Amino acid sequence: MAEVVLKNVTKIYEGGNIAVKDVNIDIKDREFVVLVGPSGCGKSTTLRMVAGLEEISQGEIYIDGKKVNDVSPKDRDIAMVFQNYALYPHMTVYENMAFGLKLRKYDKNEIRTRVSEAAKILELEDYLERKPKALSGGQRQRVAVGRAIVRKPKVFLFDEPLSNLDAKLRVQMRTQISKLHQRLNATMIYVTHDQTEAMTMGDKIVIMKDGIVHQTDSPLNLYNHPVNKFVAGFIGSPAMNFVEGKIIAEDGVNFRSKNGDVSLMLNPAYQERLKGYTGKNVFMGIRPEDIYDSNSFADRPGYEKLSVQLDVVEPMGNEIFLYFYLDTNQFVARVPSKEMPRAGQLQSIWLDTGKLHFFDAETEKAI
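(A) Just the overall build of the chain, in detail. Helix and strand content of the chain: nine helices and 20 strands. Its C-alpha atoms put the chain at 80 × 45 × 35 Å along the principal axes. Split into buried and exposed, the 367 residues of the chain put 49% on the buried side. Here the contacts in the chain between residues at least 6 apart in sequence split such that 66% fall between residues at least 24 apart. Entry remark: accessible area of the chain is about 17,800 Å², with carbon and sulfur atoms responsible for 45%. Here the chain carries 49 positive and 48 negative side-chain charges, and the mean point of each set is 6 Å from the other.

(B) Just the nonpolar core, in detail. M97, F158, I177, Y190 and I207 are the most contacted members of the largest nonpolar core, which has 45 residues in total. Per element, the largest residue contribution to this core is five residues, and it comes from helix 4 (residues 137-149). In this structure F158 touches L47, V81, V145, I177, M188, I189, Y190 and V191, once residues within four positions along its chain are discounted. By size, the runner-up hydrophobic cluster in this structure holds 30 residues, among which are L310, V313, L326 and V335.

(C) View of the pairing of strand 1 (residues 4-12). Note that strand 1 and strand 4 (residues 58-63) share five bridges and pair antiparallel. Within strand 4, the residue paired with L6 across the bridge is I61. Taken together, strand 1 and the strand that follows it, strand 2 (residues 18-27), pair antiparallel across an intervening segment of five residues, in which G15 is found at a positive phi of about 95 degrees.

(D) The sheet that holds strand 19 (residues 346-352), seen in detail. Spatially, five strands are ordered 15-19-16-17-18 in an open sheet, and the strand pairing comes out antiparallel. Pairing within the sheet leaves two strands with one partner each, and these edge strands are strand 15 (291-293) and strand 18 (329-336). Pairwise comparison of adjacent strand axes, ignoring direction, gives a mean angle of 45 degrees for this sheet.

(E) Helix 4, seen in detail. Between its terminal C-alpha atoms helix 4 stretches 18 Å, which fits the 18 Å expected from 13 residues at 1.5 Å a residue. Most of helix 4 sits out of view: eleven of its 13 residues are buried. Against strand 6 (78-81), helix 2 (93-103), helix 3 (108-121), strand 7 (155-159) and helix 5 (167-184) lie the buried residues of helix 4.

(F) Looking closely at the sheet that holds strand 7. Across the sheet, six strands lie side by side as 6-7-8-3-9-10; this open sheet has mixed pairing. The open sheet is flanked by strand 6 and strand 10 (212-217), the only strands paired with a single partner. On average, each strand axis in the sheet is inclined to that of its neighbour by 15 degrees, with strand direction left out of account. Across the sheet, helix 4 touches strand 6 and strand 7, and the angle it forms with strand 6 is around 175 degrees.

(G) Here's a closer look at the pairing of strand 11 (residues 241-249). Note that strand 11 and strand 14 (residues 281-286) share six bridges and pair antiparallel. Opposite G245, over in strand 14, you have V282 as the bridge partner. Here five bridges tie strand 11 to strand 12 (residues 253-257), and the two strands are oriented antiparallel to one another. Across the sheet, the residue bridging to K246 is R256, located in strand 12.

So, how was this worked out
Residues numbered from 1 in each chain as written. Predicted model: local features only at pLDDT ≥ 70, side-chain atom pairs only at ≥ 80, totals over all residues. Heavy atoms only, no water. Helix = DSSP H or I, 4+ residues; strand = E, 2+ residues; numbered from the N terminus. Buried < 20%, exposed > 50% of the residue type's maximum accessible area, 1.4 Å probe, protein only. Contact = heavy atoms within 4.5 Å. Areas by Shrake-Rupley, 256 points an atom, 1.4 Å probe, with all protein chains shown as cover. Lys, Arg positive; Asp, Glu negative; His and termini not counted. Charge placed at Lys NZ, Arg CZ, Asp CG, Glu CD. Core = buried A, V, L, I, M, F, W, Y, C linked by side-chain atoms within 4.5 Å. Pairing = 2+ DSSP bridges. Axes fitted to C-alpha atoms, helices over the stretch in contact; angles between N-to-C directions. Expected span 1.5 Å × (residues − 1).

This is the structure:
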């Protein structure tokens, strides 16, 4: 397998539209890296530049130590799995998986061996004589993955391969691709707009927005230590709650929201970090699982109590999402489903002030 390195990679289309700007990513040998971000953020364009399907406007891309800017896609020793499967409808599963090897003049016995190995890994042995129209969406996607596996490339590229599948199949295929990475011990680059896919599959996640890489880190570090408000709000489901307000010094550091609906005495651990922000506007963030109701709260220091009116109640089975407003911002709490509260009722909630996040109101960078 191989290391993939992107150095100051930029893509500028005709008319001056910058799709990707100054991207630097170092993907280690056998690492599973996920590029994630909202639609139009440049993640697929970045992947296509690695594949050689898009020209690089500026910067350099290296695969296995070799600069590949001017190397054609077929000579980069990569295999790509597309969103739409791209299977030949008139060919059987076996023929689809073997097609690339036939073009490269591989021996028939070698082709048979490679296809059989891939079919066994992907549990496609009983479908080799079927045509794509006789397969489910998940089976077609496995055939597309199998066509990549038989190539035994240095790098596997996945461009939103699960977006056409239903929710249950997405979870199943997510697991299969993760197991496939462990089994093949391969270098994989995976593009998705789904942060759940990114968090559950990636060794390392690259978060992009507007063609710019905002943070590259492990899933847990992204979740616990986001570098800015965008990353904090993008990673996590439901998303992090935010409210804008000021830092006030009153016998300790205090946060007060714009309308005064939230007033919190902060944990002493924040005092040093927020030094210099007294009187300044900041965004305070807290994740839904760090907000507790009376059914899930055990009284202990470091928590601040608020009384809110529930706007929406969503039962999820083993937990409930409670929606309410603080200032003009909708918040959500993720609590165990011990009792079923009603929309419109007053509810006491507790915020874990040891789990707060703060962001500069102007730059939106983490404080």
